[in-house]
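If you want the building blocks of each chain, they are given just below.
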Amino acid sequence: MTTTSPNAAATQAPLTDAHALTGKRRIAFASYVDENYLPGFLALLRSLALSNPGVCEDFVVLYDDLRPGSIAKIRALHPRIVLRRVDDGHYDSYKKGDQDNYLVRKAYFILDVFRIREYDTVITLDTDMVVLGDLGELLQLREGLAAVPQFFYGQHKLNSGLLVIQREYLSDAFCARLDATGRSGDYELDKHDQGILNAVLDGDFIRLDARYNFVKRRLSGDLPVPEDTAILHFTGRHKPWQGGEAGYSRAEDRWREFELSDADFHAAYLASSGSLHHDLLVHYGTPHVARTGDIETARKVAAAHIGAGDYQNAVDILSGVRIPLDEAWPHEVLGHALMSVSRYEEAKAQLLLATAAPNRAATSYARLAQIAWVHGDNTQALRHATAGISVDPTHRSSRLWAQRASAVPSQEQGSAEDQLAHVAFYMDRQGNAGDKLLPESVRLAFGPDTGSRRWHPVHAHRLFDEAALTRVNARRGLVIGGGGLFIPDTMPNGNSAWQWNVPDELLNRIDVPIAVFAVGFNAFDGQSYRAGRFRESLRLLVEKSSFFGLRNHGSIEKVRAMLPAHLHDKVRFQPCPTTVTRRLVAGWQDPARREDTILINAAYDRAGLRFGHDYGYFLAQMARAVRDLGELAEVRCAAHSLDDEKIAFDLRREHGISMPVIPMYDFDNDQIRDLYARTKLVIGMRGHAGMIPFGCGTPIISLISHPKMAYFLRDIERPEWGVSVHDRHLAARLVERSKDLLADHAKTVADVHGRQRELWKVTEANAADLRIILGG
């Protein structure tokens with residue numbers, strides 16, 4: 001059986017298919033449900049949430065006769081229900097027994113699971129099961145078809161109910177084998193097994209521990225359910241919701257733990273220990289707050305909304321309850337939500353109330369400092385940040401805002417009419433190395449002078465007010481660029497819903513030429529812009545711009561999809577200037593010799609969106625890769641930010657591998673370029689851990705956890721230089737491709753230079769247009 005490799009899939013997929021580009025596994029649960037077994041299924045959904053409160057994957061419901069009211073009950077218990085009606089005539093050609101027997105029908109209809117194509121892993125659960133323990137091991141399975149062997153009939157056959165099915169079995173080829181066996185009649189079908197599936201597999205499946213499908217009959221004589229049971233299966237004719245069966249009362253008591261009203265279920269979930277999945281927290285917490293007005297639940301739901309970028313929903317749920325004056329934490333969260341939708345005065349009032357509690361004061365003062373800084377009031381920002389440090393001297397955010405507020409702005413040397421205004425994210429001293437380099441790289445694309453004689457900085461995160469408008473309109477033009485500014489949550493605001501905090505009314509009054517230069521659309525796989533506010537701001541920006549260049553074709557297609565057709569042609573390709581660094585830096589010299597090193601970079605912001613359930617797998621694969629790459633060169637960790645050092649800590653703790661860490665967040669721009677120019681190979685997960693070394697002429701391999709990495713590799717026609725962090729053979733592919741790139745290093749470097757020449761041609765052509773638009 002053949003499968004499509006992640007790289008081939010990415011090459012064949014639509015330009016903006018984030019899943020195909022990142023290779024991130026899509027996981028779903030699935031059950032066949034009818035009216036008779038509906039009570040069992042509702043108990044199953046409750047048990048899944050209560051036993052695994054941090055897990056929320058799609059749940060595919062196969063059905064043929066559910067009433068609308070029953071569907072409503074199902075949807076009330078799970079936020080990600082996917083309904084799929086089964087074709088009750090599909091199996092007419094099968095040679096089978098009594099079609100009216102529910103167990104027989106279910107055995108056929110569950111075969112429809114193998115006709116699902118939207119997921120990489122599907123976990124089937126019978127409606128007479130309850131989940132009692134952690135299913136993390138099942139979610140991390142990546143290969144084959146796994147099941148528990150039958151307890152009564154030996155190890156050759158799998159037991160019905162639980163199947164963990166991977167992509168290669170969710171295929172037309174495997175379905176054809178099932179159909180052929182079904183038509184032949186060469187199988188046995190009874191209430192105890194998946195006859196057709198057992199006949200096709202003939203014992204070829206991954207055997208799971210019995211605790212993942214612990215059948216009731218093992219408890220005959222009223223034995224207790226073993227404590228390590230993860231899934232309890234009520235096999236047999238008598239079900240707990242139908243009155244049960246003598247001799248199994250202790251098992252049925254475990255089932256009845258999940259026979260709850262919605263109100264009791266919501267309360268039980270919200271009282272769960274450990275991390276709660278934000279989708280489940282919102283789904284259960286919202287009606288609980290409406291019913292009870294509970295402040296603590298409202299705070300948790302609001303925080304979940306903030307984590308998902310739903311800032312207005314966070315405001316709405318906390319505004320709908322009465323928060324006592326002495327409840328500091330809800331005030332702080334409401335203040336956070338309000339400032340994220342640019343309701344700054346209301347936010348300040350809430351945050352000031354929160355400063356009264358010692359455990360929330362530092363965070364609240366830091367947010368107050370942020371609001372003051374956004375409004376250009378450095379004095380007040382420093383006062384608030386200092387108050388935060390006085391409460392907690394270790395508070396990182398308060399220290400950050402103190403540094404920003406106390407920084408001395410560079411003195412402008414040139415006259416306004418000779419300057420370009422430049423909107424960018426100007427990174428802090430110990431901030432992300434890639435973002436630190438970007439503003440200077442953008443300026444280099446307009447000429448060798450990147451200082452204050454020619455440029456007037458406008459920090460994207462500061463509120464663009466009347467004074468800022470006056471300063472910009474006094475310049476000869478406005479350049480907007482320096483990273484993936486089209487992202488909703490780095491520094492949220494309600495004025496634009498992207499990184500530049502600009503109200504439409506002021507954007508509309510800019511009367512100098514606007515050039516949007518090499519901006520990226522940076523939404524992760526699974527992250528979206530939920531507000532129409534972004535589309536409206538984007539449309540106005542495109543209309544106002546004389547030049548609108550995005551740094552990859554994936555971003556171009558994403559942005560065009562949000563615009564009216566008449567604006568599509570205004571959106572053009574402008575590579576990130578870091579990718580042509582060798583052409584931009586005056587007096588650039590390629591290194592006469594390179595250090596015998598391989599640099600590895602991993603990113604941990606929004607780790608859930610990057611890794612899903614696969615971080616443990618990724619780390620184990622990287623451990624193997626680092627060991628093998630050490631045979632080729634010395635392997636070092638290139639940390640663009642402080643958080644990037646985590647891979648070195650985790651590899652040492654979990655796998656005993658030590659790797660030197662290079663703190664690039666402490667580097668200046670020349671040091672960043674110098675490091676990347678002198679190494680032999682960079683394996684990077686951050687976008688600019690690929691683009692910067694490439695621009696310096698250094699071979700790269702991208703660890704793809706974000707679509708933008710694949711966008712760039714497509715643009716340079718080298719998709720093979722990328723490997724998904726979810727790749728089944730990640731370590732082997734990294735080592736193999738590293739060997740290929742290093743085998744004839746001079747040839748590889750020449751290839752990088754050749755790819756770079758193509759990007760330079762685009763940049764030069766755009767520069768000619770920009771000289772006309774902006775002058776100079």
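Data block above holds the structure.
Remember, it's a predicted structure, so these values are computed and weren't measured experimentally. (Residues numbered from 1 in each chain as written. Predicted model: local features only at pLDDT ≥ 70, side-chain atom pairs only at ≥ 80, totals over all residues. Heavy atoms only, no water.)

Asks: Is there a simple way to think about the overall build of the protein in this case?
Replies: Helices and strands together make up the secondary structure of the protein, namely 32 helices and 23 strands. Relative to the 2.2 N^0.38 estimate, which gives 28 Å for 776 residues, the radius of gyration of the protein is 29 Å and therefore close to what a compact globule would have. By principal-axis analysis of the C-alpha atoms, the protein measures approximately 90 × 70 × 55 Å. Sorting the 776 residues of the protein into buried and exposed places 58% on the buried side. Excluding contacts between residues fewer than 6 apart, the proportion of contacts in the protein whose partners are at least 24 apart in sequence is 72%. (Helix = DSSP H or I, 4+ residues; strand = E, 2+ residues; numbered from the N terminus. Rg over C-alpha atoms; globule rule 2.2 N^0.38 Å. Buried < 20%, exposed > 50% of the residue type's maximum accessible area, 1.4 Å probe, protein only. Contact = heavy atoms within 4.5 Å.)

Asks: Would you explain the sheet that holds strand β10 (residues 231-233) in this entry?
Replies: Sheet strands pair via backbone hydrogen bonds, and the direction of the pair is either parallel or antiparallel. Spatial ordering of the open sheet is given by β5-β10-β9, a layout of three strands whose pairing is mixed. In this open sheet, the two edge strands, each paired with only one partner strand, are β5 (129-131) and β9 (214-215). (Pairing = 2+ DSSP bridges.)

Asks: Help me out: how do you make sense of the packing of aromatic side chains in this one?
Replies: If you walk through the whole model with that rule in mind, you get 23 aromatic pairs. When the centroid spacing of 5.8 Å and the interplanar angle of 35° are considered together, the rings of Trp241 and Trp255 count as tilted. Placement of Trp241 in the loop between β10 and α9 (249-256) and of Trp255 in helix α9 is noted, with a sequence separation of 14 residues between them. Arranged with centres 4.8 Å apart and planes meeting at 70°, the rings of Phe265 and Tyr284 form a pair that is edge-to-face. Of this pair, Phe265 sits in helix α10 (residues 262-270) while Tyr284 sits in helix α11 (residues 278-292); the two residues are 19 residues apart in sequence, bridging distant segments of the chain. Neither residue differs from the other here; Phe265 and Tyr284 are each classed as buried. Taken together, the ring pairs connect Phe464, Phe486, Trp498, Trp500, Phe534 and Phe548 into an aromatic cluster. In this structure, Arg404 packs its charged tip against the face of Trp373, placed 5.0 Å from the ring centre. (Phe/Tyr/Trp six-rings, centres within 6.5 Å; stacked < 30°, edge-to-face > 60°. Lys NZ or Arg CZ within 6 Å of the ring centre and 35° of its normal.)

Asks: I keep staring at the state of the cysteines and nothing clicks. Help me out?
Replies: Should the sulfur atoms of two cysteines be covalently bonded, the bond is a disulfide. For the coordinates displayed, the defined rule picks out zero disulfides. There is no disulfide at Cys696, and the cysteine sulfur nearest it, in Cys576, is 12 Å away. Look at Cys696 and you get buried, because its relative accessible area is 0%. (Disulfide = S-S within 2.5 Å.)

Asks: Which parts of the structure should I look at to understand α11?
Replies: Helical geometry: 3.6 residues make up each α-helical turn, so side chains three or four residues apart lie on a common side. With 15 residues, α11 extends 20 Å between its outermost C-alpha atoms, agreeing within 8% with the 21 Å of an ideal straight helix rising 1.5 Å per residue. Along α11, the largest kink reaches about 30° and is centred on Gly285; proline Pro287 follows within four residues of it. Taken as a whole, α11 has its buried residues at Leu280, Leu281, Tyr284, Gly285, His288 and Val289. Looking at the buried side of α11, the elements it contacts are α3 (38-51), α4 (68-77), α10, α12 (295-307) and α13 (311-319). (Expected span 1.5 Å × (residues − 1). Bend = angle between axes of the 7 residues up to and from the residue.)

Asks: Please explain the packing of helix α26 (residues 615-629) against helix α31 (residues 730-743) as it appears in this structure.
Replies: Packed helix pairs are characterised by how far apart their axes lie and by the angle those axes make with each other. At their nearest, the axes of α26 and α31 sit 8 Å apart, and the two run at 30° to each other. Looking at the two axes, α26 sits roughly parallel to α31. Handedness of the crossing formed by α26 with α31: right-handed. Packed against α26, whose contacting residues are Tyr617, Phe618, Gln621, Met622, Arg624, Ala625, Asp628 and Leu629, the element α31 presents Leu730, Ala731, Leu734, Val735 and Ser738 at the interface. (Axes fitted to C-alpha atoms, helices over the stretch in contact; angles between N-to-C directions. Parallel < 35°, antiparallel > 145°, perpendicular 65-115°, else oblique. Left-handed = near helix turned anticlockwise from the far one by under 90°.)

Asks: Looking at this structure, how should I read the environment of Leu48?
Replies: Relative to the helices and strands, Leu48 resides in helix α3. Taking the C-alpha atoms as reference points, Leu48 and Leu478, 430 residues apart in sequence, are found 54 Å from one another. Other than its neighbours up to four places away in sequence, Leu48 contacts Phe29, Phe59, Val131 and Leu135.

Asks: Help me understand the nonpolar core, please; the structure alone is not making it clear to me.
Replies: If you look at soluble globular proteins, the nonpolar side chains tend to sit buried side by side. Grouped together as the largest cluster of nonpolar side chains are 123 residues, with contacts concentrated most on Phe486, Trp500 and Ile647. If we ignore the near neighbours within four places in the chain, the residues touching Trp500 are Val423, Val458, Ala460, Phe464, Leu478, Ile480, Asn493, Leu507 and Ile510. Counting 84 residues, the second largest nonpolar core, distinct from the first, contains Leu141, Tyr284, Ala298 and Leu368. (Core = buried A, V, L, I, M, F, W, Y, C linked by side-chain atoms within 4.5 Å.)

Asks: Would you mind going over the pairing of strand β15 (residues 514-521) with me for this structure?
Replies: Counting buried positions over the eight residues of β15 gives eight, a clear majority of the element. When strand β13 (residues 478-480) meets β15, the two strands line up parallel, connected through three bridges. Considered in β15, the bridge of Ile480 is made with Val516. Pairing analysis gives two bridges linking strand β14 (residues 483-486) to β15, with the strands arranged parallel. Directly across from Gly483, in β15, lies its bridge partner Val519. Both β15 and strand β16 (residues 547-550) contribute to a ladder of three bridges, which runs parallel. The residue of β16 that forms the bridge with Ala515 is Phe547.

Asks: Can you help me understand the pattern of salt bridges in this one?
Replies: Between side chains of opposite charge, a pair can form as their charged atoms come close. With the rule as written, the count across this model stands at 49 salt bridges. Here Glu35 and Arg67 are joined by a salt bridge, their closest N and O atoms 3.3 Å apart. With Glu35 in the loop between β1 (27-33) and α3 and Arg67 in the loop between β2 (58-63) and α4, the pair connects residues that are 32 residues apart, well separated along the chain. Arg533 is paired through a salt bridge with Asp504; the nearest N and O atoms lie 2.6 Å apart. On the criterion of sequence distance, the pair formed by Arg533 in helix α22 (residues 532-544) and Asp504 in helix α21 (residues 504-507) is long-range, its members being 29 residues apart. Each of the salt bridges in this network shares a partner with another, and the network as a whole consists of Glu595, Glu634, Arg636, Asp674 and Arg678. (Salt bridge = Lys/Arg side-chain N within 4 Å of Asp/Glu carboxyl O.)

Asks: When you look at the sheet that holds strand β20 (residues 661-663) in this model, what are you seeing that I'm missing?
Replies: Spatially, β20-β19-β18-β21-β22-β23 is the arrangement adopted by the six strands of the open sheet, whose pairing is parallel. Because the sheet does not close on itself, it has two edges, and the strands there are β20 and β23 (722-724). Geometrically, the sheet is characterised by an average inter-axis angle of 25° between neighbouring strands, direction not taken into account. Lying on the sheet, α31 is in contact with β18 (597-601), β21 (681-684), β22 (700-704) and β23; it crosses β22 at an angle near 165°.

Asks: Can you help me understand the environment of Val86 in this one?
Replies: Structurally, Val86 is set in the loop between β3 (81-85) and α5 (102-109). The exposure class of Val86 is buried, given its relative accessible area of 6%. Along the backbone, Val86 and Asp112 are 26 residues apart, and their C-alpha atoms lie at a distance of 6.9 Å. Non-local contacts of Val86, meaning those with residues more than four positions away in its chain, are made with Tyr32, Leu62, Tyr63, Asp64, Phe109 and Asp112.

Asks: Which parts of the structure should I look at to understand α4?
Replies: Listed as buried for α4 are Ser70, Ile71, Ile74 and Leu77. All buried residues of α4 fall inside an arc of 125° around its axis, so they share one side. Against α3, β2, β3, α10 and α11 lie the buried residues of α4. (Arc of directions from axis to C-beta.)

Asks: Would you explain the environment of Gln403 in this entry?
Replies: Looking at the element boundaries, Gln403 is found in helix α18 (residues 396-406). Distance in space between the C-alpha atoms of Gln403 and Arg429 is 8.9 Å, their sequence separation being 26 residues.

Asks: When you look at the side chain of His384 in this model, what are you seeing that I'm missing?
Replies: Inspection of the secondary structure puts His384 in helix α17 (residues 378-391). According to the relative accessible area criterion, His384 is buried, its value standing at 12%. His384 has contacts with Tyr365, Leu368 and Ala369, leaving out every residue within four places of it along the chain.

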